[in-house]
Amino acid sequence: MPTLYITEQGFVVHKKSERFVITKDGAPILEMPARKIECVAIFGNVQLTTQAIVYFLMKGIDVTFLSSKGSYYGQLQAPCLKDPFVKQRQVQASGNEEFCLVIAKKFICGKLSNQRVILLRNLRRKDNQVVKRNVKKLADLIKRVDDASSVDSVRGYEGLAAVYYYRSLGQLVLPEFAFARRSKRPPRDFTNSLLSFGYTLLVYNVISALNIAGLDPYIGFLHQPRTGKSSLALDLMEEFRPIIVDSFVLKVINSRILNTDDFCWDKAGGVFLKDEGRKKFLAEYEKRVLTKTRYFDEKTYTYRQIFELQARAIARGLKSGAKVYKPMMVK
């Protein structure tokens, strides 16, 4: 079932019988069966009636609130039955250096391996010596991460890999989208804008998966705890960044699904998608997370389902040890 993205300012979401009705200034705009909605993402000035909120809570439908530019505010989530001992073990494990080191290596080795695959796939279409050299550097860094003796070292190698990787991505996009490094808060160019928006969408998908698995998204093992920082969500999303966001950002750029006319600048110099560009981006993102792929059990699942499967794998690791966790890697 799809995510319902509501981007139009001034919309109101009503619940009538078993259907959702979206209105603006009292006039109906859209109507759909409630049973077809899996989760909802609201951008900017959109209102929910009490009946709609109650239905979302009763059916366990997560509602994510974002700014009109795509900045993450928070989520409305239904209470669910959870094993309190899972969270207790999570808190204990977050203070266990050995556990944190083992699982941090898993997250980052998975991420760097998937980054290499994304670069190699794109090298088949566009030969580039800079990218070839950086692919080799990523392979070396995977070995270093695997041999790391501390979580700080893992973070250091991951940071170095990011320099090589994003420099490579900048070589693989159309010339008008080229960039040299990551820039955030605000993104300073077209490609960074798309990456930041994609990572925002990914993190709220992962937060939902962690909540379903009974885990606290704010107690992580790789990312240090900080007030308001969803550390475990950032941990788990590492392995998915290249295969969910980066790969489809390359697609929407190089297939010209988006062009430079789809962007605007704010007063701070940040680059953001216009309304029509955002709608195209969301449609492509939804296609990506609903893509099916083979999992470790040899069955096929959508990537959104795999987020939850990996969250549950972390929960099992808290019972059996971090070594049982396997990152999701593509070939």
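Refer to the structure printed above.
What you are looking at is a predicted structure, and each value in this text was computed from that prediction instead of being measured. (Residues numbered from 1 in each chain as written. Predicted model: local features only at pLDDT ≥ 70, side-chain atom pairs only at ≥ 80, totals over all residues. Heavy atoms only, no water.)

Trainee: Lay out the overall build of the protein with the relevant residues and their values.
Mentor: Broken down by element type, the protein carries 10 helices and 12 strands. Computed over its C-alpha atoms, the radius of gyration of the protein comes to 20 Å, within 12% of the 20 Å expected for a compact globule of 331 residues. Across its three principal axes, the protein shows a C-alpha extent of roughly 60 × 50 × 40 Å. Carbon and sulfur atoms make up 51% of the accessible area of the protein, which totals about 16000 Å². Treating the 54 positive side-chain charges of the protein as one cloud and the 32 negative ones as another, the clouds have centres 3 Å apart. (Helix = DSSP H or I, 4+ residues; strand = E, 2+ residues; numbered from the N terminus. Rg over C-alpha atoms; globule rule 2.2 N^0.38 Å. Areas by Shrake-Rupley, 256 points an atom, 1.4 Å probe, with all protein chains shown as cover. Lys, Arg positive; Asp, Glu negative; His and termini not counted. Charge placed at Lys NZ, Arg CZ, Asp CG, Glu CD.)

Trainee: So, the pairing of strand β3 (residues 19-24): which residues are in play, and what are the values?
Mentor: With six bridges joining them, strand β2 (residues 11-16) and β3 adopt antiparallel strand pairing. Note on β3: the bridge partner recorded for His-14 is Val-21. Looking at chain direction, β3 and strand β4 (residues 27-33) are connected through six bridges and run antiparallel. Within β4, the residue paired with Val-21 across the bridge is Glu-31. Following β3, the chain reverses through two residues before pairing antiparallel with β4; Asp-25 in that reversal takes a positive phi of roughly 55 degrees. (Pairing = 2+ DSSP bridges.)

Trainee: Tell me about helix α10 (residues 303-320), residues and numbers included.
Mentor: In this model α10 runs 25 Å from its N-terminal to its C-terminal C-alpha over 18 residues, within 8% of the 26 Å that 1.5 Å per residue would give. Taken residue by residue, α10 has Tyr-303, Arg-304, Ile-306, Phe-307, Gln-310, Ala-311, Ala-313, Ile-314, Ala-315, Gly-317 and Leu-318 as its buried positions. Gly-321 sits one or two residues past α10 and shows a positive phi near 115 degrees. (Expected span 1.5 Å × (residues − 1). Buried < 20%, exposed > 50% of the residue type's maximum accessible area, 1.4 Å probe, protein only.)

Trainee: Break down the pairing of strand β5 (residues 39-43) for me, with residues and values.
Mentor: Most of β5 sits out of view: five of its five residues are buried. With burial as the criterion, each face of β5 is covered, one bearing Cys-39, Ala-41 and Phe-43 and the other bearing Val-40 and Ile-42. Of the pairings in the sheet, the one linking strand β1 (residues 3-6) to β5 comprises four bridges and is parallel in character. By the bridge assignment, Ile-6 is partnered in β5 with Ile-42.

Trainee: Can you explain the side chain of Glu-239? Please cite residues and give values.
Mentor: Relative to the helices and strands, Glu-239 is located in the loop between α7 (231-237) and α8 (241-254). At 10 Å, Lys-106 is the nearest oppositely charged side chain to Glu-239, a buried residue that forms no salt bridge. Within the structure, the side chain of Glu-239 is placed 2.9 Å from the side chain of Gln-310, a separation counted as a polar contact. One polar contact links Glu-239 to Tyr-325, side chain to side chain, over a distance of 2.9 Å. Excluding residues within four positions of it along the chain, Glu-239 makes contact with Phe-107, Gly-110, Lys-111, Asn-114, Gln-310, Tyr-325, Pro-327 and Met-328. (Salt bridge = Lys/Arg side-chain N within 4 Å of Asp/Glu carboxyl O. Polar contact = N/O pair within 3.5 Å; in protein donor to acceptor, adjacent residues only side chain to side chain. Contact = heavy atoms within 4.5 Å.)

Trainee: With reference to specific residues and values, describe the side chain of Lys-111.
Mentor: Here Lys-111 is to be found in helix α3 (residues 97-123). Apart from residues no more than four positions distant in its own chain, Lys-111 is found in contact with Glu-158, Glu-238, Glu-239, Arg-241 and Pro-242.

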